[in-house]
Amino acid sequence: MKQSIKQRFDPKITFLSSKPKLLQYIRDVDFSLRDVISIEIDSSDSIHQYIFKGLGFAFMVETDSEFTFFKNKLKISEIMADL
């Protein structure tokens, strides 16, 4: 009997898996990646910013290249729409 196992490919988790300390931090703060549309990286010599963007929000995580500290900030954007 041949079983078909359906694996779900999540590119966000795949990307974050290459940065296990960042992925663990995202899980520890209980931030859901479900509504994240893009992950952007902005790096300087000492600070790396990972910006998780969705519709109406941006969640920014700051760390260093060794992931020895984490700071985060959530920015909610107001969306104006006619329904």
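Throughout, residues of each chain are indexed from 1 in the direction in which the sequence is written. Reporting of local features is limited, given that this is a predicted model, to residues whose pLDDT is at least 70; pairs of side-chain atoms are given and counted only at 80 or more, and all residues count toward the totals for whole chains, interfaces and linings. Where side-chain values are given, they derive from all heavy atoms of the structure, hydrogens and water being excluded.

> Report on helix α2 (residues 20–28), specifying residues and quantitative values.
Since the α-helix packs 3.6 residues into each turn, any two residues three or four apart lie on the same face. Burial classes follow relative accessibility: with a 1.4 Å probe on protein chains only, a residue under 20% of its type's maximum area counts as buried, one over 50% as exposed, and anything between as partly exposed. Helix numbers and strand numbers start at the N terminus; a helix is a DSSP run of H or I with at least 4 residues, a strand a run of E with at least 2. For α2, the full list of buried residues reads L22, L23, Y25 and I26. Summarising the axial view, the buried residues of α2 lie within an arc of 160°, below the 170-degree limit, and thus occupy one face. With respect to the buried face of α2, the exposed residues turned more than 90 degrees away are P20, K21, R27 and D28. Throughout, a residue-residue contact means that at least one pair of heavy atoms, one from each residue, lies within 4.5 Å. On its buried face, α2 sits against α1 (11–17), β2 (48–54), β3 (57–63) and β4 (71–76). One or two positions beyond α2, positive phi appears at D30, with a value near 60°. The arc in question is the one spanned by the directions pointing from the helix axis to the C-beta atoms.

> Any chance you could break down the sheet that holds β3 for me, citing the residues and the numbers?
At least two DSSP bridges between two strands are needed for those strands to be called paired. One open sheet holds the four strands; their spatial order is β1-β2-β3-β4, and the pairing between them is antiparallel. In this open sheet, the two strands that pair with only one neighbour each are β1 (36–43) and β4. Ignoring which end each strand starts from, the neighbouring axes of this sheet average 15° apart. Relative to β3, β2 is paired through seven bridges, and the arrangement is antiparallel. Considered in β3, the bridge of H48 is made with T63. Angles run from 0 to 180 degrees between N-to-C directions of axes, and those axes are lines fitted to C-alpha atoms, restricted for helices to the stretch in contact.

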